[in-house]
Amino acid sequence: MEDKHTNVRVRFAPSPTGFLHIGGARTALFNWLYARHTGGTFVLRIEDTDAARNSQEATEVILSGLRWLGLDWDEGPVTPDPAGAGKGDFGPYFQSQRGAIYQRRVRELKEKGLAYDSEGAVKFKMERQPILIHDLVVGDVRRELTDREQADPDFVLIRSDGQPVFHLVNVVDDLEMRITHVIRGEDHLSNTAKHIALFRAFGVEPPNYAHIPLILNPDGTKMSKRDRGASLQSYLDDGSTPEAVANYLCLLGWSPKENREKMPMAETVKLFDLPQILRHNARFDIAKLQWLDGEYIREMGEERFFQLGAAALQRSGYKLDAFPPNYIAAALATCKGKIKRFGDLGPYAGFYFVDAVNIDPADRAREFTAESLARLQKLRDAFASLTAFAAPEIEKTLKAVALELGVKAGALVHPARMACTGAAAGPSLYHLLEVLGREPVLKRMDAALGTPPGKNP
């Protein structure tokens, strides 16, 4: 079937039964990209008819995950659902609010003799002849019969408890919302013959189908909910950048020309089209995602770096409200170009946002010998007498003390860093000391020296 770009309407239709799977996020992204590429419409529909399994919390996880990735939707009810609005004032469509539409459509099928009551349920009278699926990615697929070629291919539309099943609500909503392209995971291909038969029963042509390849683990097994990296939320929690995650998801099953990998989203929108979607399944490569993360962070502007860095520190439990914005900005500036993901900021720069640092006993024993403590005391006294506590003066003073003691600068740098940060590595020492300020630096050195508060001049 020829793919046409005229008046494209696509949708993402997740069920709110848990976290947003990375495969679902990739499906949403591909639909969004196709809508933006063609100037079409991206519809968000929450398939929440199964009240026993759905939750408001899971709905909010889906909405917040899409917002984090930058995927805005284009239409919905005028009054948004309490879970939150998408683009403008639109909320998503909720199937739980569309029961009257499904009942009307079932009555239509009964009147046509294409649906019937069966033991309290309502079943669809399925076609008996083979169904040919024209798929824009997979190619032509011939289904002899549905339901694993059972003798009776009829299937349930309304369960005996009165609840509509997935096949009915999925097709009715695609029909009512005038969806032109159904872009979804290849695991849904087995449902498509039933859906095509339902569309025909309603007297309309089915939409174009494009079943995209599955996402596999590195070992080639199907990625389940329990596997590493399966939840989109894990990337938020780990401090990944949404730009890197979205970029990487684009590469899972789609390939631009010239084997490019890092691409701004605006350029991806221009290039993305269904014929470029790959036929084979995609293997998840966490190392490539982490590489992209590092690249996006390295090139990130100061304002964006500050925004994402502060959010990552707060997720790690640091109370930034206790510090002035200019202090937070200065602290984060010393980390720019030094971290590969924002989840590393806590261990790397958390010392800026605590009253005192904890030093591992093994590190203390290694760094704070009697000789190094004597040098640290000398450096502490020199810092106390500085007129301007700024990085150039701090560096000059440390090197002068090292020269006076007849040692290399490193003999002072290492214990000073350990005393002030609790770690053996981190931001530039001279700049981090300037950001911390004279009094906190002297206080931390005194703690390392074992000097009671107020005893050192």
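Residues numbered from 1 in each chain as written. Predicted model: local features only at pLDDT ≥ 70, side-chain atom pairs only at ≥ 80, totals over all residues. Heavy atoms only, no water.

Caption draft 1: Representation of unusual backbone geometry in the model. Backbone geometry at glutamate 119 places phi at a positive 55°, although glycine is not the residue there. In this structure, glutamate 119 sits in the loop between strand S4 (115-118) and strand S5 (121-124). A positive phi angle, near 55°, is found at arginine 178, a position not held by glycine. Among the secondary structure elements, arginine 178 is positioned in the loop between helix H4 (166-176) and strand S9 (181-185). (Helix = DSSP H or I, 4+ residues; strand = E, 2+ residues; numbered from the N terminus.)

Caption draft 2: Main features of the pairing of strand S2 (residues 41-46). Most of S2 is tucked away, with six of its six residues classed as buried. As paired strands, strand S1 (residues 9-12) and S2 are joined by four bridges and run parallel to one another. For arginine 9, the partnering residue across the bridge sits in S2 and is threonine 41. For the handedness criterion, the β-α-β arrangement of S1, helix H1 (residues 22-38) and S2 is classed as right-handed. As judged from the two bridges shared by S2 and strand S3 (residues 93-94), these two strands associate in the parallel manner. Residue isoleucine 46 lies in a different strand from S3, and its bridge partner there is phenylalanine 94. (Buried < 20%, exposed > 50% of the residue type's maximum accessible area, 1.4 Å probe, protein only. Pairing = 2+ DSSP bridges. Right-handed = clockwise from strand over helix to strand, strands pointing away.)

Caption draft 3: Fine view of the sheet that holds S3. Read from one edge of the open sheet, three strands run S1-S2-S3, paired in parallel fashion. Every other strand in the sheet has two partners, leaving S1 and S3 as the edge strands with one partner each. Sitting on the sheet, helix H2 (residues 56-69) touches S1, S2 and S3, and the angle it makes with S2 is about 160°. (Contact = heavy atoms within 4.5 Å. Axes fitted to C-alpha atoms, helices over the stretch in contact; angles between N-to-C directions.)

Caption draft 4: Just helix H15 (residues 391-405), in detail. In a regular helix each residue adds 1.5 Å, so 15 residues correspond to 21 Å; H15 covers 21 Å between its end C-alpha atoms and thus fits that length. Ala391, Ile394, Thr397, Leu398, Val401 and Ala402 are the residues of H15 that are buried. The buried residues of H15 occupy an angular sector of 135° when the element is viewed end-on, so they sit on one face. Set apart from the buried face of H15 by more than 90 degrees, the exposed residues are Pro392, Lys396, Leu403 and Glu404. Buried-residue contacts for H15 involve helix H14 (370-384), helix H16 (410-421) and helix H17 (429-436). (Expected span 1.5 Å × (residues − 1). Arc of directions from axis to C-beta.)

Caption draft 5: Looking closely at the side chain of serine 372. By secondary structure assignment, the location of serine 372 is in helix H14. Here threonine 369 takes part through its backbone nitrogen, which lies 2.9 Å from a polar atom of the side chain of serine 372. (Polar contact = N/O pair within 3.5 Å; in protein donor to acceptor, adjacent residues only side chain to side chain.)

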